[in-house]
Amino acid sequence: MMQNGVSGWYARLDRCLADRNKQIDIWLSTWEQSLKSFQPIAALLPEDWPTLPANLLTDPGHVLDHLLARHDAESDGRSPRGAHPTPPRLADAVIASEMRETLINPKKPVQQSNFLMSNLPPGFRQHVEQLNLPVASQENEMDNEAEAAAVEEGRRTLSGIPLPVADTATGGGLFHARLIRRHADAHDEADAEIKKDDTRRFFSNIQLLDIDPLVVQSTKARLLLESIRHELVSFGPETPGKISRKEMETLLDEGVQQGDALQGEWPWSQQPRLVLTNPPWLRIKDRFRGMEDGSRLRKELGEQLRALQDNNKPRFSTMRGNVNLYRLFIERSLQILEEGGRLRMVAPDSLLREQSSHPLRELLVMEHAWTQVWAIEEANLLFPGMTQGVVVLGITADGDRTNLMIHGPITRSDLRRDGEGLSSRVPVFELKDERWTSWARDTWAVPRLPRDRIERKYTLEVLDRLALLPRLSDATHPLTTNERQVRVRVGEIDQTAHAKFIETWVKGKRSRPFIRGVHFSENEDGEVFIRHPAFRTDIPSRASERQLAMWIGDHHPRFGPRLACQAIVNAHQERRLRWAVIPEGSVLGNSVNHIELHQEIQDRLVSEHDNLETGLNWLCEHLNNDDLDEWARAWAANNNVNNYELEMLPLELPEAFPQISSVTN
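Right, let's walk through the structure included here. If you're wondering where the values come from, they're calculated on a predicted model, not measured in any experiment. (Residues numbered from 1 in each chain as written. Predicted model: local features only at pLDDT ≥ 70, side-chain atom pairs only at ≥ 80, totals over all residues. Heavy atoms only, no water.)

## Some remarks on the sheet that holds strand 8 (residues 369–376)
A sheet is described by the order of its strands in space; here nine strands give the open sequence 3-2-1-4-7-9-8-10-11, paired in mixed fashion. Edge positions in the sheet fall to strand 3 (256–258) and strand 11 (428–431), since each has one partner strand and no second. Strand-to-strand twist across the sheet, computed as the mean angle between neighbouring axes with direction ignored, equals 20°. Contacting strand 1 (165–167), strand 2 (206–210), strand 4 (274–277) and strand 7 (342–348), helix 8 (residues 174–186) crosses the sheet at an angle of about 150° to strand 1. Contacting strand 2 and strand 3, helix 11 (residues 245–255) runs over the sheet at an angle of about 45° to strand 3. (Pairing = 2+ DSSP bridges. Helix = DSSP H or I, 4+ residues; strand = E, 2+ residues; numbered from the N terminus. Axes fitted to C-alpha atoms, helices over the stretch in contact; angles between N-to-C directions. Contact = heavy atoms within 4.5 Å.)

## As for the pairing of strand 18 (residues 562–566)
Counting buried positions along strand 18 gives five out of five residues, so the element sits mostly inside the fold. Residue alternation in strand 18 divides its side chains into two sets, R562, A564 and Q566 and L563 and C565, and both sets are buried. Pairing geometry for strand 18 and strand 19 (residues 579–582), over four bridges, is antiparallel. Following the sheet pairing, C565 is matched in strand 19 by W579. Two strands pair when backbone bridges link them, and strand 18 and strand 21 (residues 592–596) are joined in this way by three bridges, in the antiparallel orientation. Bridge assignment links A564 to a residue of strand 21, and that residue is H594. (Buried < 20%, exposed > 50% of the residue type's maximum accessible area, 1.4 Å probe, protein only.)

## Structural notes on the packing of aromatic side chains
When we look at a pair of aromatic rings, we describe it by the centre distance and by the angle of the planes. By the definition in use, this model includes twelve aromatic pairs. With 4.9 Å between their ring centres and 80° between their planes, W436 and W444 make a pair best called edge-to-face. For W444, a relative accessible area of 3% corresponds to the buried category. When the ring of F501 is compared with that of W551, the centres are 5.6 Å apart and the planes differ by 55°; the resulting orientation is tilted. Note that F501 is positioned in the loop between strand 12 (487–490) and strand 13 (502–503) and W551 in strand 17 (residues 550–551), a separation of 50 residues in sequence. A relative accessible area of 23% places F501 in the partly exposed class. Residue classification places W551 among the buried positions, given a relative accessible area of 0%. If you follow R344 out to its NZ or CZ, it ends over the ring of W374, 4.8 Å from the centre. Its end group placed over the ring of F559, R562 keeps NZ or CZ at 3.9 Å from the ring centre. (Phe/Tyr/Trp six-rings, centres within 6.5 Å; stacked < 30°, edge-to-face > 60°. Lys NZ or Arg CZ within 6 Å of the ring centre and 35° of its normal.)

## Re the pattern of salt bridges
On inspection of all chains with the given rule, the structure shows 47 salt bridges. In this structure, D59 and R178 form a salt bridge, with 3.5 Å as the shortest nitrogen-oxygen distance. On the criterion of sequence distance, the pair formed by D59 in the loop between helix 3 (41–44) and helix 4 (60–75) and R178 in helix 8 is long-range, its members being 119 residues apart. For R178, a relative accessible area of 11% gives the class buried. Residues E652 and R465 are paired through a salt bridge, measuring 3.1 Å at the closest nitrogen-oxygen approach. Here R465 lies in helix 16 (residues 453–466) and E652 lies in the loop between helix 20 (643–647) and helix 21 (660–664), a separation of 187 residues in the sequence. Assessed through its relative accessible area of 42%, E652 is described here as partly exposed. (Salt bridge = Lys/Arg side-chain N within 4 Å of Asp/Glu carboxyl O.)

## Points about the packing of helix 10 (residues 213–229) against helix 11
Two elements in contact, helix 10 and helix 11, have axes whose closest approach is 10 Å; the angle formed by their N-to-C orientations is 140°. The angle between the axes of helix 10 and helix 11 places the two elements in the oblique class. Between helix 10 and helix 11 the crossing geometry is right-handed. Contacts between helix 10 and helix 11 pair K220, L223, L224 and S227 from the former with R245, M248, E249, L252 and D253 from the latter. By residue class, the composition of the contact of helix 10 with helix 11 is four nonpolar, one polar and four charged. (Parallel < 35°, antiparallel > 145°, perpendicular 65-115°, else oblique. Left-handed = near helix turned anticlockwise from the far one by under 90°. Nonpolar A, V, L, I, M, F, W, Y, C, P; charged D, E, K, R; others polar.)

## Structural notes on helix 10
Helix length check: helix 10 (17 residues) gives 24 Å between terminal C-alpha atoms against 24 Å at 1.5 Å per residue, within 8%. A large share of helix 10 lies buried, amounting to 13 of its 17 residues. Capping the start of helix 10, D212 holds a side-chain oxygen 2.8 Å from the backbone nitrogen of L214, two or three residues further along. (Expected span 1.5 Å × (residues − 1). Polar contact = N/O pair within 3.5 Å; in protein donor to acceptor, adjacent residues only side chain to side chain.)

## Some remarks on the sheet that holds strand 12
The four strands are arranged 12-21-18-19 in an open sheet whose pairing can be described as antiparallel. Because the sheet does not close on itself, it has two edges, and the strands there are strand 12 and strand 19. Taking the axes of each pair of neighbouring strands and ignoring which way they run, one obtains an average angle of 35° across the sheet. For strand 12 and strand 21, the ladder comprises four bridges, and the chain directions are antiparallel. Looking at strand 21, one finds that R487 is bridged to E596. In this fold helix 18 (residues 612–623) packs onto strand 18, strand 19 and strand 21, with an angle of close to 170° to the strand it touches most, strand 19.

## Side note on the pairing of strand 9 (residues 390–396)
Look at any regular strand and the pattern is simple: side chains alternate between the two faces of the sheet. Counting buried positions over the seven residues of strand 9 gives seven, a clear majority of the element. Because side chains alternate across strand 9, one face comprises the buried residues V390, V392, G394 and T396, and the other comprises V391, L393 and I395, equally buried. Judged from the seven bridges that link them, strand 7 and strand 9 form a sheet pairing that is antiparallel. Each residue of the ladder has a partner; that of L343, found in strand 9, is I395. Pairing of strand 8 with strand 9 involves seven bridges; the strand directions are antiparallel. If you follow Q372 over to strand 9, its bridge partner there is G394.

## A closer look at helix 8
In a regular helix each residue adds 1.5 Å, so 13 residues correspond to 18 Å; helix 8 covers 19 Å between its end C-alpha atoms and thus fits that length. Taken across its 13 residues, helix 8 has ten buried, putting it largely inside the fold. Here helix 8 has its buried residues at L174, F175, H176, A177, R178, L179, I180, H183, A184 and A186.

## Considerations on the nonpolar core
Membership of the largest hydrophobic core comes to 90 residues, with the highest contact counts inside it found for L305, I330, W370 and W579. In terms of residue count, helix 13 (residues 325–336) provides more of this core than any other element does, seven residues in total. Beyond its immediate chain neighbours, meaning those up to four positions away, I330 contacts L343, M345, L351, L360, L364, L393 and I395. One finds L45, V63, A177 and I206 within the second-largest nonpolar core, a separate group that totals 66 residues. (Core = buried A, V, L, I, M, F, W, Y, C linked by side-chain atoms within 4.5 Å.)

In structure tokens:
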């Protein structure tokens, strides 16, 4: 449910007026009318519009962000219910962390002392001289001179904004709208002419690009209205402290443009110093999903992006497999930035750990200075309705290699509009190269760390200890036999493609148990077992475990006992890894992963135990180890337990496990 009780307003608006362009046009014109007449927006909206909730009255721009996010989702064939604009609170925190000191109305002005050292008694004077205190006033003067020079060069505003400031996927222009508010607050008591000059400086150095013409026009209107609202721009001619509407519209025509940041050229000659953006979280294969010729368009887009070159080199060096567009926006934004410029980007936190993002992480570490990670795991508290965790990246383009600072987990209440953007309560962990390399084996994956100090200490101890062990699929792992390594496979049945062969469980001669992720359960002692009607009689008739629990197809061979793991996990499930031995003759769905053991490995297990099933149960106990589960939770990319994740488990077996030589001789 959407936060603050506004979840249904957008849906009710869609039922009353389905045309998204008209919705946005009416909202923007009503907002302008409200500013002119000093009446609330709610009083001016058309009568047939649903009643505007009180929570939406204070920030008209956020309503526009929602409408544009829903427009964007629908244009790709996605549900508007899954549209999540960037929360203003997060944008404010990110901006605060990248701002320079304001040169107007400083909060703590430097006090020049008129007290002379010669006035001190000789003993005190000698003591102070021995302290060798730095001359703070001279340092402050030098800093102020450097910052003043940067203002003159158009490289920052007096209000502290680095210039030029850009957004490579504008959306509704939220980041720049929040910069307007901050800029206005800084000039609250400043001289009218100084304020006006600094506002010109700011808007002459904005760079916002978006591929959608509706977004571009809406963003121009939004930034104009935000500037009027915050008394930087007048409705008519220039007035004290305010530039004219006509001048502002000219500046916005230059600063907000339509174009494709990924495939086109950056339309401004000056490289930005700061890029603030939340690009589309969309895989290429999901683009154009709602269109008749979507398949052709997706294929063409992929080919075009792969063919792009700059200076005879591919523009996107990290474009592998089924690419998510936000990865390309990261690489492109870093190309656009000036050397030493900063990128702050909002992205899904799977980027930190998924295997397919390894080339991108390597690029950030090897060619840039990846300095910051803000980890927001409970994203649903910030982005209403979202289950995916969120990360805010901080990267210095072409910067020198540095240790990564992990801030978090961050909650909504930790975000600040001042200081460094975050509460001092947020835990910070410095991830040094040696430890990082040992843990992630050069994949530059970033672990998920608990907020609680004691839990974090335990997690770090587990990571340090288990990282030294061979991984399950390594050639050096104890289970590897005659160069036959362990492999993890997904269940043999795709539940969607074979739906007609899967039925509700009815006991009979031809009934074969069909095992899904839902059949993995735990008892009060934390022991994992398979709760399937073929093996248990205590399952109610309408329980989900009875539905889709029987395989009636005949084109799959019978399997012996297997060791399997639930592949899709509930985010709030206490255990991530749930291993169980699957009885002989069962069929596995694709929501289950299983271990494939070569015959020679099976023979080793049988030689040590009475039979294969007993050997698998012994192995299962070690796989359900609590430390191994803690490791898996730290490296989880999402709610799917992927094959490669299981193959990289540092499974520790007792020294008593027989060596290969004792079996093969």
